[in-house]
Amino acid sequence: MSIAIGLEDDAEYKKICENHKHLIETLPKCNGWRTLHLHNYNGYWLSTKILKSNLLIHAYFKSQPTDIFLASFMKSGTTWLKALVFSTLNRDRYTFSNHHLHNHSPHSIIPVIDAESYHITDFTNLSAPRLFSTHYPLPLLPACMSCAKLVYVCRDPKDVLVSKWLFMSKLRSKDLPPLSFDEAFELFCVGASEYGPFWEHVLSYWRASLENPDKILFLKYEEMKKEPEMVVRKLAAFLGKAVTVEEEEKGVVREIVKLCSFENLSNLEVNKTGVEKFGKVLDVEKRDFFRKGVIGDWKNYLSDEMKERIDGITDEKFKGSGLTFTTV
Ligand code: PAP
């Protein structure tokens, strides 16, 4: 998929990394969910490796106008969106009875730029349109990416919080004491979690999607659950490959939805066993990307008081933006 460009011994690269190291040392810190610390960089909280990667993207990543980026706050539906976009774009290439997604996990077919090692990876040999994913908020993406198309998915912050806490607890360094749900809740509410604050992250893409709807498509996990076929049609049109009448008659949209459903993907052997490697940053058990895949699991974790507090923050932050969540 990518080729090595071997910058590890390059003097300029070493100097850039040294400068990044000094910069990171000066930034405010807070407790991390998976790692000891997060750093506040331009208003957003990132782990050391993810921040280093961001700084390297600005130095080395060259976007092409045909690129497509799938962006989200963590645990908002990235895995599902990857599968949907890949199968929608490549619907002429594979049959639904013998599909690429049957033996390739969604994360293995669309690299996440946040975790790549820019000294060893070059994406120039990928054929257009290149597909990438990212959890970085819009203000942390390099300007060269503004020519590309971008699909953003957001989700009710209460479900994001629960999904993220469970996921991060599994990945948390064994050298650290466990992070209780109460602690995670407090940190989340004040914005201190990887890629947070959640609300500013969502709003950065929401506002840009209003200004530039041809370039940024804004989706909600809850609407994907409720009307997946409508979302596939929207995606296809946005990506310049609108669903044809003939495809409608053949039931192509229904097939894409079925292929990418939680039930189907989570039961495929390729998504049940083994480890997903994210550059040099992280190894994750593939099955951990598929937990419940439902709306409203927060009810099993949040007290009434916690629910009120998060909904209050959401109302306050989104006031006047036109963005709403239908919360269950
Ligand atoms: P990431 O940020 O680590 O990439 P992401 O895929 O964005 O994770 O989110 C994972 C959530 O999406 C999980 O939610 P849960 O913890 O509340 O269950 C996961 O179960 C859910 N998910 C994964 N695949 C699908 C799918 N095909 N349909 C619906 N939900 C899905």
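The rules behind these values
Residues numbered from 1 in each chain as written. Predicted model: local features only at pLDDT ≥ 70, side-chain atom pairs only at ≥ 80, totals over all residues. Heavy atoms only, no water. UniProt positions renumbered as here; feature names shortened; annotations may be inferred. Helix = DSSP H or I, 4+ residues; strand = E, 2+ residues; numbered from the N terminus. Rg over C-alpha atoms; globule rule 2.2 N^0.38 Å. Buried < 20%, exposed > 50% of the residue type's maximum accessible area, 1.4 Å probe, protein only. Contact = heavy atoms within 4.5 Å. Expected span 1.5 Å × (residues − 1). Core = buried A, V, L, I, M, F, W, Y, C linked by side-chain atoms within 4.5 Å. Pairing = 2+ DSSP bridges. Axes fitted to C-alpha atoms, helices over the stretch in contact; angles between N-to-C directions. Parallel < 35°, antiparallel > 145°, perpendicular 65-115°, else oblique. Left-handed = near helix turned anticlockwise from the far one by under 90°. Near = heavy atom within 4 Å. Polar contact = N/O pair within 3.5 Å; in protein donor to acceptor, adjacent residues only side chain to side chain. Nonpolar A, V, L, I, M, F, W, Y, C, P; charged D, E, K, R; others polar. Phe/Tyr/Trp six-rings, centres within 6.5 Å; stacked < 30°, edge-to-face > 60°. Lys NZ or Arg CZ within 6 Å of the ring centre and 35° of its normal.

For the protein, an unreviewed UniProt entry supplies the name Sulfotransferase and the organism Helianthus annuus. Check the Sequence similarities (unreviewed entry) section of the UniProt entry for the protein; it says "Belongs to the sulfotransferase 1 family."

(A) Region of interest: the overall build of the protein. Of regular secondary structure, the protein possesses 15 helices and nine strands. Relative to its length of 328 residues, the protein is compact, with a C-alpha radius of gyration of 20 Å against a globular reference of 20 Å. When the backbone C-alpha atoms are referred to their principal axes, the protein occupies close to 60 × 55 × 40 Å. Looking at the protein residue by residue over its 328 residues, the buried ones come to 55%.

(B) Representation of the environment of Arg130. Here Arg130 shows up in the loop between α5 (106-109) and β5 (131-134). For Arg130, a relative accessible area of 2% translates into the label buried. Linking Arg130 and Pro65, residues 65 residues apart in sequence, is a C-alpha distance of 9.7 Å. Not counting residues up to four positions away in its chain, the partners in contact with Arg130 are Phe61, Lys62, Ser63, Gln64, Thr66, Asp67, Ile68, Phe123 and Thr124.

(C) Helix α2 (residues 48-60), seen in detail. The terminal C-alpha atoms of α2, which comprises 13 residues, lie 18 Å apart, in line with the 18 Å expected from a rise of 1.5 Å per residue. Next to the buried residues of α2 lie α1 (11-25), β2 (37-41) and β3 (44-46).

(D) Structural detail: the nonpolar core. Trp33, Tyr152, Phe188, Leu235 and Leu302 are the most contacted members of the largest nonpolar core, which has 104 residues in total. Setting aside chain neighbours within four positions, we find Tyr152 in contact with Ala71, Ser72, Phe73, His201, Val202, Tyr205, Leu217, Phe218 and Leu219.

(E) Representation of the sheet that holds strand β4 (residues 68-72) in the model. In spatial order, the strands read β5-β4-β6-β7; together these four strands make up an open sheet with parallel pairing. Each edge of the sheet is formed by a strand with only one pairing partner; in this case those strands are β5 and β7 (216-220). On average, each strand axis in the sheet is inclined to that of its neighbour by 20 degrees, with strand direction left out of account. Note that strand β6 (residues 149-154) and β7 share five bridges and pair parallel. In the strand pairing of β7, Val153 is matched with Leu219.

(F) Quick look at the packing of helix α7 (residues 181-189) against helix α15 (residues 304-318). Packing of α7 against α15 leaves a shortest axis separation of 11 Å and a crossing angle of 15 degrees. Judged on the interaxial angle alone, α15 and α7 are roughly parallel. You can see that α7 and α15 cross each other, and the crossing is left-handed. For the pair α7 and α15, contact is made by Phe181, Asp182, Phe185, Glu186, Phe188 and Cys189 and by Met306, Arg309, Ile310 and Ile313, respectively.

(G) Representation of the pairing of β5 within the structure. Here β5 shows a buried face lined by Leu131 and Ser133 and a second buried face lined by Phe132 and Thr134. As paired strands, β4 and β5 are joined by four bridges and run parallel to one another. Within β5, the position partnered with Phe69 by the bridge is Phe132.

(H) Expanded view of the site of the ligand. For the ligand, the set of nearby residues contains 23 residues, the closest of which are Thr78, Thr79, Ser163, Arg291 and Lys292. Contacts to the ligand include Arg155, whose side-chain N or O atom sits 2.9 Å from an oxygen atom. At 3.4 Å from a nitrogen atom of the ligand is found a main-chain nitrogen or oxygen belonging to Phe262. Those elements giving two or more residues to the shell around the ligand turn out to be α3 (78-89), α6 (157-171), α9 (221-226) and α13 (262-267). Sorting elements by how many residues they give to the shell around the ligand places α3 first, with three residues. Among the residues making up the shell around the ligand, the classes are represented as nine nonpolar, nine polar and five charged.

(I) Here's a closer look at the packing of aromatic side chains. Overall, the coordinates contain 21 aromatic pairs when judged by the stated rule. Plain terms: the ring middles of Phe188 and Trp199 are 5.5 Å apart, the flat faces sit at 65 degrees to each other, and that makes the pair edge-to-face. Residue Phe188 is located in helix α7, and its partner Trp199 is located in helix α8 (residues 198-211); the two are separated by 11 residues in the primary sequence. The burial state of Phe188 is the same as that of Trp199; both residues are buried. Taken together through their ring pairs, the aromatic side chains of Trp33, Phe73, Phe188, Phe198 and Trp199 make up a single cluster. Lying over the aromatic face of Tyr221, Arg155 brings its terminal NZ or CZ to 4.0 Å of the ring centre. Looking at Lys158, its charged tip hangs above the ring of Trp298, at a distance of 4.9 Å from the centre.

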